Amino acid sequence: MNHFEYRDGHLFAEEVPVADIVRHHGTPTYVYSAATFRRHFQAFDSAFAGLPHLVCYSVKANSNIHILKLLGEMGAGVDIVSGGELFRALKAGIPGEKIVYSGVAKTDEEIEDALRAGILMFNAESLGEIAAIDAAAGRLGVRARISLRINPDVDPKTHPYISTGMKKNKFGLDMDTALQGYIMARDMKNLDPVGIDCHIGSQLTTLEPFLEALDKVLGFYGKLKDLGIYVNYLDLGGGLGITYDEEEPPQPSAFGAALTERLKDLPLTLVLEPGRVICGNAGILVFNTVYTKQTPVKKFVIVDAAMNDLVRPSLYGSYHRIEEVDKKSRPVETVDVVGGICESTDFLARDREMPAVEPGECLAAFSAGAYGMTMSSQYNSRRRAAEVLVDGREEKLIRRRETYEDLIEAELDL
Ligand code: LLP
């Protein structure tokens, strides 16, 4: 069931015409579907019903606190990577014991804040970090639960910028160093090594790399047991891909079945950190056509969204389907859809076949719910977009469009 669908040529978000949202809130605006978030979380969570597990939604994909609340109310924990994400998660009411903390650069301040929040575990990524967590726990007089992030050297066969589990990547620890790390952690005063962690990349469209990584991690789990180190958690990160164009990633149910098959007899709680698969197709970016422009070699559709709103096409060459909010029949042409930023990489689509739209017509970029708003910026002093959450017939503004005052507030507030 798709909650962004056309009815008589008009795009709806659940029961609300997207044109109404534009009338109320202007453009560019991210529009999300609450029913889609719920369905995706439910499908993912239930895929692991056969195992003790905790789904820790990856906040970086979409961090609006209303979305975190919605998922938290369904039982989700969260995966965070910064003090800011911890702050958001706590504001949204996510309990500390459902928070896992990944990332290579955790500072003392961030570690202490996370310890005060009583998080489930740190996914530590270097020997230096293990020592820093032990020291911080000592200062606060608490014990810290940690997992070490293993870099299994597996090729996830995705875009190189979002591959994380290969030898050359900055993430995690190679197996030999990780073994050393566990021995070090076991002998430290304030640490409890409770898990093993691994995340190999994002937008994976086949199961094989996950299973290859899992085999390596389970081999490592065996080695830890031989050393008398028994962990209770296995965190396999996120990474399951979605359909943007013609990709056919495995369904969560197939992912769940494959992992359940391998893990069902082990005394481990599985932690998962899905981001994109929960929210990617739960959101669209709606924008208006400002001008069209024909040059001797190309036609440009110039819109009021830009790379500061949705950077994925510029950064990774990603594809987002773009269609009119209200369809009319007319000829198709090949265009670049571009924003107003002073960079030639500022495009939302290149050489795209689209109906010949005119200034004043609204367009929607689909599959924009993950890594859309969270990667946005104010480049060129553009105000960040509004965000609207639709739930059935209701539309709720969950982040107002920034004002010009917002742009300079932190500079004046000294
Ligand atoms: N866990 C860790 C440790 C991660 O680094 C990530 C994503 C996730 C979980 C969630 O991965 P997901 O399930 O969403 O694939 N900006 C890029 C994606 C970067 C992903 C970074 N890490 C994009 O727009 O495609």
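Check the entry above for the structure.
Being a predicted model, the structure only gives us computed values, none of them experimental.

Student: Where do I start with the sheet that holds strand β3 (residues 16-17) in this structure?
Tutor: To summarise the sheet geometry, strands pair through backbone hydrogen bonds and adopt either a parallel or an antiparallel arrangement. Read across the open sheet, the three strands follow the order β1-β2-β3; overall the sheet is antiparallel. Looking at the sheet topology across the chains shown, the edges are occupied by β1 (4-7) and β3. Of the pairings in the sheet, the one linking strand β2 (residues 10-13) to β3 comprises two bridges and is antiparallel in character. Following the sheet pairing, Phe-12 is matched in β3 by Pro-17.

Student: What should I look at first to understand the site of the ligand in this one?
Tutor: Around the ligand, a shell composed of 19 residues is seen, among which Ser-202, Glu-273, Arg-312, Tyr-316 and Tyr-371 lie nearest. A distance of 2.6 Å separates an oxygen atom of the ligand from a polar side-chain atom of Arg-312. Contact with the protein chains covers 92% of the free accessible surface of the ligand, which is 590 Å². The class makeup of the residues in the shell around the ligand is five nonpolar, eight polar and six charged.

Student: What exactly am I supposed to notice about the pattern of salt bridges here?
Tutor: Working definition: two side chains of opposite charge can pair if their charged atoms are close together. Taken as a whole, this structure holds 25 salt bridges when the rule is applied. In this structure, Asp-79 engages Lys-60 in a salt bridge whose closest nitrogen and oxygen atoms are separated by 3.4 Å. Here the residue Asp-79 occupies a position in strand β6 (residues 77-80), and Lys-60 occupies one in the loop between β5 (53-58) and α3 (65-73), the gap between them amounting to 19 residues. Overall, Asp-79 belongs to the buried group, its relative accessible area being 2%. In this structure Lys-60 comes out as partly exposed when scored by relative accessible area, which is 30%. Across the pair Lys-298 and Asp-336 runs a salt bridge, and its minimum N-O distance is 3.1 Å.

Student: What exactly am I supposed to notice about the environment of Ile-242 here?
Tutor: Within the element layout of this structure, Ile-242 appears in the loop between β11 (233-235) and α9 (252-263). Residue classification places Ile-242 among the buried residues on the basis of a relative accessible area of 5%. When the C-alpha atoms of Ile-242 and Thr-205 are compared, they prove to be 7.4 Å apart, with 37 residues separating the residues in sequence. Filtering out sequence-adjacent residues up to four positions away, Ile-242 remains in contact with Gln-203, Glu-247, Pro-249, Arg-276, Val-277, Gly-280, Asn-281 and Ser-367.

Student: I keep staring at the sheet that holds strand β8 (residues 121-124) and nothing clicks. Help me out?
Tutor: The sheet built from eight strands closes into a barrel, its strands ordered β5-β6-β7-β8-β9-β10-β11-β12 with parallel pairing. Each adjacent strand pair in this sheet contributes to an overall mean axis angle of 30 degrees, direction not counted. By the bridge criterion, two bridges tie strand β7 (residues 99-101) to β8 in an arrangement that is parallel. When the sheet's bridge partners are listed, Val-100 is paired in β8 with Met-121.

About the thresholds
- Residues numbered from 1 in each chain as written.
- Predicted model: local features only at pLDDT ≥ 70, side-chain atom pairs only at ≥ 80, totals over all residues.
- Heavy atoms only, no water.
- Pairing = 2+ DSSP bridges.
- Helix = DSSP H or I, 4+ residues; strand = E, 2+ residues; numbered from the N terminus.
- Near = heavy atom within 4 Å.
- Polar contact = N/O pair within 3.5 Å; in protein donor to acceptor, adjacent residues only side chain to side chain.
- Areas by Shrake-Rupley, 256 points an atom, 1.4 Å probe, with all protein chains shown as cover.
- Nonpolar A, V, L, I, M, F, W, Y, C, P; charged D, E, K, R; others polar.
- Salt bridge = Lys/Arg side-chain N within 4 Å of Asp/Glu carboxyl O.
- Buried < 20%, exposed > 50% of the residue type's maximum accessible area, 1.4 Å probe, protein only.
- Contact = heavy atoms within 4.5 Å.
- Axes fitted to C-alpha atoms, helices over the stretch in contact; angles between N-to-C directions.

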